[in-house]
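# Analysis of the macromolecular model
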Amino acid sequence: MFAGVYALIADACDYGEWKTGIRSEGLLASSQSIGFKIGIGFGSALTGWILAFAGNNPKEMMQSEAVIDAIKFDFSWLGLIISVVLFVCVLLMDVEKYLPQIHEALGKEE
């Protein structure tokens, strides 16, 4: 997934230069970096919120069935749900259909 994001950043740089005439690789790279950091923080917080909602008590040796189910959901279904949402978002991006036109306008070879 991370490798695909870097390809999208390169396409976004080309698209932005084509639309505005300004190449903003540094801005996009730093935005992507901070986005990853915020995403990792939010993902960690989401795991804590799910466990708290299920009644997790870290001091107990044996967790309740609800906590075990919450852990299973967090590490399986939640990842699937988020992946499907991200996949749909990527499908809705239409930069790819403009790439030949963008590369021609910018004088790049594909």
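Let us look at the structure shown here. (Residues numbered from 1 in each chain as written. Predicted model: local features only at pLDDT ≥ 70, side-chain atom pairs only at ≥ 80, totals over all residues. Heavy atoms only, no water.)

## What to know about the pattern of salt bridges
All told, the structure shown has three salt bridges when counted by the stated rule. Of the charged contacts, one joins Asp-14 and Arg-23 as a salt bridge, the two residues approaching to 2.7 Å between their closest N and O atoms. With relative accessibility at 7%, the residue Asp-14 sits in the buried group. With its nearest N and O atoms 3.1 Å apart, the salt bridge here joins Arg-23 to Glu-25. (Salt bridge = Lys/Arg side-chain N within 4 Å of Asp/Glu carboxyl O. Buried < 20%, exposed > 50% of the residue type's maximum accessible area, 1.4 Å probe, protein only.)

## Here's the deal with the layout of surface pockets
If you add up the space inside the second largest pocket, you get close to 400 Å³. Lining the second largest pocket we find 14 residues, and of these Val-5, Leu-8, Leu-86, Val-90 and Met-93 sit closest to its centre. In terms of residue class, the lining of the second largest pocket is made up of eleven nonpolar, three polar and no charged. (1 Å grid on protein atoms, 1.4 Å probe; cavity = no way out; pocket = protein on both sides within 12 Å on 5 of 7 lines; lining within 4 Å. Points joined across faces, edges and corners; volume = space filled by probe spheres on them. Nonpolar A, V, L, I, M, F, W, Y, C, P; charged D, E, K, R; others polar.)

## Considerations on the packing of aromatic side chains
Counted according to the given criterion, the structure contains two aromatic pairs. Aromatic side chains Tyr-15 and Trp-18 sit 5.8 Å apart centroid to centroid with 55° between the ring planes, which places their arrangement in the tilted category. A residue pair is termed a helical-turn pair when its members lie 3 or 4 positions apart in one helix, as Tyr-15 and Trp-18 do in helix 1 (residues 2-20) at three residues. Judged by its relative accessible area of 26%, Tyr-15 falls in the partly exposed class. (Phe/Tyr/Trp six-rings, centres within 6.5 Å; stacked < 30°, edge-to-face > 60°. Helix = DSSP H or I, 4+ residues; strand = E, 2+ residues; numbered from the N terminus.)

## Notes on the side chain of Asp-74
Among the structural elements, Asp-74 can be located in helix 3 (residues 65-92). Lys-72 provides the closest opposite charge to the buried, salt-bridge-free Asp-74, at an N-O distance of 14 Å. Among the polar contacts listed, one links the side chain of Asp-74 to the side chain of Thr-47, at a separation of 2.8 Å. In contact with Asp-74, other than residues within four places in its own chain, are Thr-47, Ile-50 and Gly-79. (Lys, Arg positive; Asp, Glu negative; His and termini not counted. Polar contact = N/O pair within 3.5 Å; in protein donor to acceptor, adjacent residues only side chain to side chain. Contact = heavy atoms within 4.5 Å.)

## Considerations on the side chain of Gln-32
With respect to the helices and strands, Gln-32 occurs in helix 2 (residues 25-54). Look past the residues within four positions of Gln-32 in its chain and what remains in contact with it is Val-5, Tyr-6 and Ile-9.

## Focus on helix 3
Under the 1.5 Å per step criterion, the end-to-end length of helix 3 is 39 Å for 28 residues, consistent within 8% with the ideal 40 Å. At Asp-74, helix 3 shows its largest bend, some 40°. Listed in full, the buried residues belonging to helix 3 are Val-67, Ala-70, Asp-74 and Leu-78. Those residues of helix 3 hidden inside the fold are in contact with helix 2. (Expected span 1.5 Å × (residues − 1). Bend = angle between axes of the 7 residues up to and from the residue.)

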